[in-house]
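Secondary and tertiary structure notes
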Amino acid sequence: MDYMQQTVKNICGTDTDHCQLKLVNFEAHDNHAAHKTEGLSKKHLVVRRGSPFKIQLLFGQGWNPHAQVVLLEVWLGDMSEKFQAHFSEDQFDPEKWSARVFSGDVTLQSVTIHIRSPVLSSVGVYHLQLHMMTPSSRISYAVGSFVLLCNPWLRGDPVYMPLDAQIQEYITSDYGVLFMGSHSNVSMRPWSFGQYEPGVLEACLQLLQVSPQHLSDKNRDYFRRADPVYLSRVICAMVNCNDDLGILMGKWSGSYTDGVRPTDWSGSADILHRWVSSDCNPVRYGQCWVFASVLCTVMRVLGIPSRVVTVFNAAHDTDSNTTVEEYYSSTGEKLNISKDSIWNFHVWVECWMRRPDLGPEFDGWQVVDPTPQERSGGIFRCGPCPVVAVQQHCFSAPYDTPFIYASVDADVVRLILRNGQVVGRTVDTEGVGQLIYTKSIGSDKPQNLAQTYKSKKRPQPSDSPTVLLMMAPSQSLRMSGVLPEPEPCSWSCPVSGPAYLPAVSHEEASSDLEVSLNTDGEPTVGEDIAICVTVTNRSGSPRDLRVHLDAQLKDYNSGAQQSFWKEQKEVHIQPDDVLKLRHTIPSSEHESVLAGDDVVNVAVVVKDVRTKARVLDAQEFSMSSPQITVEIEGGDSIEMRKEYTAQVSFTNTFHKTLSGAVLTVEGFGLLQDKQEARLTLMQPGDKIEKNVSITATSPGTKVLIATFSHRNSPSVVSRCFHKVSITREWH
C-alpha cells in the first residue's frame, strides 16, 4: 500500500455521509524534504522528532470543522498519547505532542493537520489513529504508521550538530573512508554505509525490536529510546552477536569458507540484508572495521551523527593497569605469552551527543566500540565514552573510560627474556595511539584526532620517547601490577593524569648504548625489504656487540607467528660513535609467507658481549602491493538503471613469472555475481584484464572490489576498492 495516500480503516463508530473519511495523504515528498529523510524508505513516512510534519485528510462529503473535534492518538507499543488538533496560529508546545490547523489549510472536503512530536520523543515506528468527535458521537480511524528519528538539525535535540557541513558528512553522506595498515604505512579504502539502500532503515528498526532490552521489557525500552546514550549502548551490543541476536559474528583466524572473509566486505547494506533475510542469524564474518562501519550506518540512519575512527598502535589492556607488556627472546623473536596486545590498528565509532548524565563538559564526541573485546555491564560492548574524559584522564566517567584510555595512551613495556629471566626492558610512552584518523569533512584525506584524546604526559628522563633500562640477568619475570589503578575522580573535576612507572634513575636510563630500527622505503610484496639498524655508543669505551634480528608475520590484532627470517652478526663500535647496519630480507625468503596488507614485526636485540647488557627496538609495518586499475566508461559517477562497462586490469610488476593468476571483480548493487579472468602464466610486464558490465539498481555510493592472486601466494596479492557514485532518483 502506498504510504503517500492511504485508505483509512474505521475501527470504531459509524460513518455518516457528511463526515466519512476516505483517504489520508501523508505528504511524503514535502515531509521527507523538510525532514532531510529523502531516500531512507519507500515503505514508511520518515520524520524527525521535534519538527512538524503534515498530513491531509480527505472526506467523502463536505466537512464542517465547527461541528467536529479532531483528536489524534499516537501509539508506540502499548503506550499512547492523545492530543487535539487546534485551529490556531500559535507555536507548538515542544514538550508534548501537539497538532495545529492553520488558516488556509481547510476546504470543504479536506483539512491539513500539522503534527509535532516532543523533541525528546523515542525513536521507533509509531501508529497513528484519528478520532472524529461530536457531542453525541465518536468515529475512530486507523490512519497508518510513521517512523520517528533523532533530529541533529534541531537545537533542542541531544544530538544537535551546529554546522551543516558536519551534518552532511556525519548524517546524510553514505560514503566513508576506512584507514588501515600500520602507522608507518597507512592504507585507505572506501566504504558504502548504504543508508539509502532499500530495506536498510527497516533492518535498523528491527535491530531495536530484537534487542534483549526490548524482548525483556518492551515498554521500558520504548521509553528509554529517547536517549541517544541508551540507544548507542543497545545498538553497540547488537552489532556483534556474542550476547544476543546481533548482526555480525567475529573471526580473526582460520578458514572463512563458511562465510565472507572480513576483508571482502565493502558496505553495510549487504550485511544488514543478509541478517534480516536469515531471520536475525549472525552474518559471518566481521572484524573491527566491519563492526564499526555497520554501527556507523545504524547510528546515521537513526539520526545520530557518527564517524568511523582508526587508532593506529591501539593497545588492548586486559588487566586495566593502562600498561601493555610485550615479551621478546634474547634473539629478537616476539613471544606470545602476554594477554595484552598491541593492534596495528583498531577501528571504532565516535557518536555526537550531549551527556546530561555527566554534565555539559562531557558533551560532544563519544567513543562507541562494537568489536567484542571486553564486557561492559556484563555484555560485549564499549561506550559511549566521552572523548574529553579520555583526554582529561577522568576514568570514572561512564562508560569504559579506562579501557579507551589504554587503547590510545598506554605505556608499552617490552621485556627481553632469556631462560625465563628478564635481561632487558624498554618503556615506550609514545608509541600507542600515535595516529588517530578519521575521514576529513568533504575530503578523503585523513584528519588526525590524536590531540583530542591525548594530553601531554610528564617528561621522561631522556629526550627520546623510548626509555632504555638494563636489568641484571638474575631478575625474575614479575610484571603484574606495573602500574597502579588510576585514582577515581569526580566527573566535574578530572584528575591531572594517571600514575606511571616510577621514574627511572638517570644512571640506569641514560643508556650509553642505544639502538633504533627502521625500514628503508616502502616494503612491497615480491620485493626485497631493506632494514637499517642504528647503534649509538655514548660511552667513552669501545664495545664488542652481538646483533640479532628477527622478522615474523603478525596478525594485525594479536601476537606474532613463527619467524621467517633471522640474522646475526658481531660488530665493534668505537667510543662516542654511531654505526649504521644495513640488512636485506630477500624476497625469496618472504614471498611464500607475505601477501598484500600483511603485517610484519621486525625486532633487533643488541648485546654488549662484556657487560651482557641488552637493548631492543622493534617496528611493525604492513606490506604494500602492486595496484589494480579500475576504469569506468564516462567516469566514476553513473546513472541508475543504465549499463556501463568497467575495465579492471593488473600488470605483473614482479621480476618473475606468475602461475595460476586470477583477477576477480564483484560489487554489491553493481554486479549480480563475482566475475573472473584467469591466466595460466603471467610473464613480467604481462597484463590480465576483465571487462564487466555494471548497473546500479539503487541510489547512493557503491564500491567495486577487485582482487588479484596467483598460485604461489599464500593469499590475495592485491586488493582494490573503487568508489562509484550513483545519481539518485527521488519519487
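Up top is the structure.
Summarised in this report is the structure supplied together with it. (Residues numbered from 1 in each chain as written. Predicted model: local features only at pLDDT ≥ 70, side-chain atom pairs only at ≥ 80, totals over all residues. Heavy atoms only, no water.)

**What to know about the sheet that holds strand β29 (residues 513-520)**
Quick note on the threshold: Strand pairing follows a simple DSSP-based rule, namely that at least 2 bridges must link the two strands. Each helix is a run of H or I in the DSSP string that is no shorter than four residues. Each strand is a run of E no shorter than two, and both are numbered from the N terminus. All axes here are fitted lines through C-alpha atoms, helices being fitted over the stretch that makes contact, and every angle between N-to-C directions spans 0 to 180 degrees.
Pairing in this open sheet of 3 strands is antiparallel, and the strands run β29-β30-β33 from one edge to the other. The outermost strands of the open sheet, each flanked by one partner alone, are β29 and β33 (577-585). Averaged over all adjacent pairs, the angle separating strand axes in this sheet is 20°, with direction ignored. Of the strand pairs in this sheet, strand β30 (residues 529-537) and β33 are connected by 9 bridges, and their pairing is antiparallel.

**What to know about empty space enclosed by the protein**
Rules: Lining residues are defined by having an atom within 4 Å of a point belonging to a cavity or pocket. Those points lie on a 1 Å grid over the protein atoms alone, cavities being sets where a 1.4 Å probe fits but cannot get out and pockets being open sets with protein on both sides within 12 Å along at least five of seven lines. Grid points are joined across faces, edges and corners, and a volume is the space filled by probe spheres set on the points. Three classes are used, and their members are as follows: Ala, Val, Leu, Ile, Met, Phe, Trp, Tyr, Cys and Pro are nonpolar, Asp, Glu, Lys and Arg are charged, and the others, Gly among them, are polar.
As enumerated under the stated definition, the model contains 3 cavities of 30 Å³ or more in all. Within this model, the largest cavity holds a volume of roughly 70 Å³. Lining of the largest cavity is provided by E169, Y170, Y175, G176, V177, F193, R300, R307, V308, T438 and K439. When residues of the lining of the largest cavity are traced back to their parent elements, those giving at least two are α2 (164-172), β12 (175-182), β16 (306-316) and β26 (436-439). At 3 residues, β12 tops the list of elements feeding residues into the lining of the largest cavity. Split into classes, the residues belonging to the lining of the largest cavity amount to 5 nonpolar, 2 polar and 4 charged. By volume, the second largest cavity is sized at about 40 Å³.

**A look at the pairing of strand β19 (residues 341-353)**
For the record, the criterion: Residue exposure (1.4 Å probe, protein chains only): buried if accessible area is under 20% of the type maximum, exposed if over 50%, otherwise partly exposed.
For β19, a buried count of 13 out of 13 residues is recorded, marking the element as mostly surrounded by other parts of the structure. In terms of strand pairing, β16 meets β19 through 10 bridges, oriented antiparallel. Paired with R307 across the two strands is E350, which belongs to β19. By the bridge criterion, 5 bridges tie β19 to strand β20 (residues 364-368) in an arrangement that is antiparallel. Across the sheet, W352 pairs through a bridge with W365, a residue of β20.

**Points about the nonpolar core**
Note the cut-off: Here, nonpolar core refers to any group of buried Ala, Val, Leu, Ile, Met, Phe, Trp, Tyr and Cys residues whose side-chain atoms link them within 4.5 Å. Whether two residues touch is decided by their heavy atoms; if any such pair falls within 4.5 Å, the residues are in contact.
By size, the foremost hydrophobic cluster in this structure holds 91 residues, and its most contacted members are I235, I271, W289, L302 and Y453. Among the elements that line this core, the one with the most residues is helix α8 (residues 288-302), at 12 residues. When residues no more than four places from it in sequence are discounted, the contact partners of W289 are L178, M180, R189, W191, P262, T263, F345, V347 and Y556. Listed in part, the 57 residues of the second largest apolar core include L517, V600, M640 and L658.

**Some remarks on the packing of aromatic side chains**
Heads up, the condition is: In this analysis, rings of Phe, Tyr and Trp, with Trp reduced to its six-membered ring, are considered paired at centre separations within 6.5 Å, and the interplanar angle assigns stacked below 30 degrees, edge-to-face beyond 60, and tilted for intermediate values. Each ring is checked for a lysine NZ or an arginine CZ that lies within 6 Å of its centre and within 35 degrees of its normal; such an atom marks a charge sitting over the ring.
If you walk through the whole model with that rule in mind, you get 19 aromatic pairs. Ring geometry for Y256 and Y285: centres 5.8 Å apart, planes at 75°, overall edge-to-face. In this pair, Y256 is assigned in the loop between β14 (248-250) and α7 (268-277) and Y285 in strand β15 (residues 283-286), connecting sequence segments 29 residues apart. By the ring-pair criterion, three or more aromatic residues cluster together here, those being F53, F83, W97, Y126 and F146. The ring of F721 has R189 lying over it, and the distance from NZ or CZ to the ring centre is 3.7 Å. Sitting over the face of the ring of Y399, R233 holds its NZ or CZ atom 3.8 Å from the ring centroid.

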